[in-house]
Amino acid sequence: MSRRKFIFVVMIGIAFVAIPFVFRAIDRNNSDKHIREFEVNDDETDEGEKNQGKASGGKKKSSKEIPDGAVGIIEIKSLDICYPIFEGADSTQLNMGIGHMENTAPLCEKGNAVLAGHNGSRRGVFFTNLSGIRIGAKVRVTNKKKVTHTYEVYETGVYGPYDETVYAASEEECLTLFTCAYSGSRRFVVRCRLINPVPEPTESPQENGQAEQE
């Protein structure tokens, strides 16, 4: 083989290996663009959670702007996950972020909202690390109405690919996350419940009367 042919073959090999990384970088850049458009000041978020969390149990207004095409954003700080959510779970949506399964409850509303994400995709990390989530972990979702709800993981498990219980309706607001497991033959499922509201302290009539006298 001549030197020129050898160099050509090496270059083709490098290009072949690099292509998945290029696609992944492009999609990650697009995903990051959505997230940047969607960011909220951390100080405002933390303060909002402190002031409103007691009364709303994780329900609060957000100043985040939803970019075109996205219907929300999901954040799991313990797994360093922050991705836009798109309506539908076809390859188009799942290559850009997390997909909201159609015919399940809307984000941050009553019922079971189901979100799906790729595992080990060359397009991005997405839900690759979801199996490392722990019971009690917090999952935060913000919807198009700029409302953020915080959920707590209470159960994880591996299910069959056609197990309809993953999409089971619920009278209560809840969140279900899933990704592929065992090379796509199974699903790793995470079930989350809305953090229960904590009632604000109320003054008794006697305490109120004493306060007025003072």
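Structure's up top.
Read on for an overview of the structure.

**Let's talk about the overall build of the protein**
So, step 1. Scanning the protein from N- to C-terminus turns up four helices and nine strands.
So, step 2. Contacts spanning at least 24 positions in sequence make up 60% of the contacts within the protein whose residues lie at least 6 apart.

**Details of the packing of aromatic side chains**
So, step 1. Summed over the entire model, instances satisfying the criterion amount to two aromatic pairs.
So, step 2. Measuring from ring centre to ring centre gives 4.8 Å for Tyr-83 and Phe-126, while their planes differ by 50°; the resulting arrangement is tilted. Taken together, the positions of Tyr-83 in strand E3 (residues 81-87) and Phe-126 in the loop between strand E5 (112-116) and strand E6 (138-143) put the pair 43 residues apart, joining distant regions of the chain.
So, step 3. The exposure class of Tyr-83 is buried, given its relative accessible area of 4%.
So, step 4. Seen in terms of ring centroids, Tyr-167 and Phe-178 are 6.2 Å apart; in terms of plane orientation they differ by 85°. Their pairing is edge-to-face.

**Considerations on the nonpolar core**
So, step 1. Grouped together as the largest cluster of nonpolar side chains are 29 residues, with contacts concentrated most on Ile-74, Val-139 and Leu-177.
So, step 2. Put simply, the parts of the chain that give this core at least two residues each are strand E2 (72-76), E3, E5, E6, strand E7 (147-159), strand E8 (174-181) and strand E9 (186-194).
So, step 3. Looking at this core element by element, the count peaks at four residues for E9.
So, step 4. Contact partners of Ile-74, with chain neighbours within four places excluded, come to Ile-81, Cys-82, Tyr-83, Ile-85, Ile-98, Leu-115, Phe-127, Val-139, Arg-140, Val-141 and Leu-177.
So, step 5. Core analysis: the second largest hydrophobic core is formed by seven residues, Val-114, Tyr-159, Val-166 and Phe-178 among them.

**Comments concerning the state of the cysteines**
So, step 1. Enumeration according to the criterion identifies zero disulfides in this entry.
So, step 2. Between Cys-174, a free cysteine, and Cys-192, which holds the nearest cysteine sulfur, the sulfur-to-sulfur gap is 8.8 Å.
So, step 3. The exposure class assigned to Cys-174 is buried, which follows from its relative accessible area of 15%.

**Quick notes on the pairing of E9**
A regular strand places its side chains so that they alternate between the two faces of the sheet.
So, step 1. Among the nine residues of E9, seven are classified as buried, and the element is accordingly described as predominantly covered.
So, step 2. Where E7 lies against E9, eight bridges are found, and the strand directions are antiparallel. Within E9, the position partnered with Glu-152 by the bridge is Arg-193.
So, step 3. Bridge count between E8 and E9: eight bridges; the pairing is antiparallel. Note on E9: the bridge partner recorded for Cys-180 is Arg-187.

**Re the side chain of Arg-191**
So, step 1. Residue placement: Arg-191 occurs in strand E9.
So, step 2. Among the polar contacts made by the side chain of Arg-191, one reaches the main-chain carbonyl oxygen of Thr-165 at a distance of 3.4 Å.
So, step 3. Aside from chain neighbours lying at most four places away, what touches Arg-191 is Glu-152, Val-153, Tyr-154, Glu-155, Tyr-159, Thr-165, Val-166, Leu-175 and Thr-176.

**A few points about the pattern of salt bridges**
So, step 1. Counted according to the given criterion, the structure contains five salt bridges.
So, step 2. A salt bridge links Glu-75 to Arg-140; the shortest N-O distance between them is 3.2 Å. With Glu-75 in strand E2 and Arg-140 in strand E6, this pair connects stretches of sequence that are 65 residues apart. Here Glu-75 matches Arg-140 in class, with each residue buried.
So, step 3. Glu-152 is paired through a salt bridge with Lys-138; the nearest N and O atoms lie 3.4 Å apart. With Glu-152 in strand E7 and Lys-138 in strand E6, the pair connects residues that are 14 residues apart, well separated along the chain.
So, step 4. With a relative accessible area of 27%, Glu-152 lands in the partly exposed category.
So, step 5. Judged by relative accessible area, Lys-138 falls into the partly exposed class, the value being 41%.

Reading the values: rules and limits
- Residues numbered from 1 in each chain as written.
- Predicted model: local features only at pLDDT ≥ 70, side-chain atom pairs only at ≥ 80, totals over all residues.
- Heavy atoms only, no water.
- Helix = DSSP H or I, 4+ residues; strand = E, 2+ residues; numbered from the N terminus.
- Contact = heavy atoms within 4.5 Å.
- Phe/Tyr/Trp six-rings, centres within 6.5 Å; stacked < 30°, edge-to-face > 60°.
- Buried < 20%, exposed > 50% of the residue type's maximum accessible area, 1.4 Å probe, protein only.
- Core = buried A, V, L, I, M, F, W, Y, C linked by side-chain atoms within 4.5 Å.
- Disulfide = S-S within 2.5 Å.
- Pairing = 2+ DSSP bridges.
- Polar contact = N/O pair within 3.5 Å; in protein donor to acceptor, adjacent residues only side chain to side chain.
- Salt bridge = Lys/Arg side-chain N within 4 Å of Asp/Glu carboxyl O.

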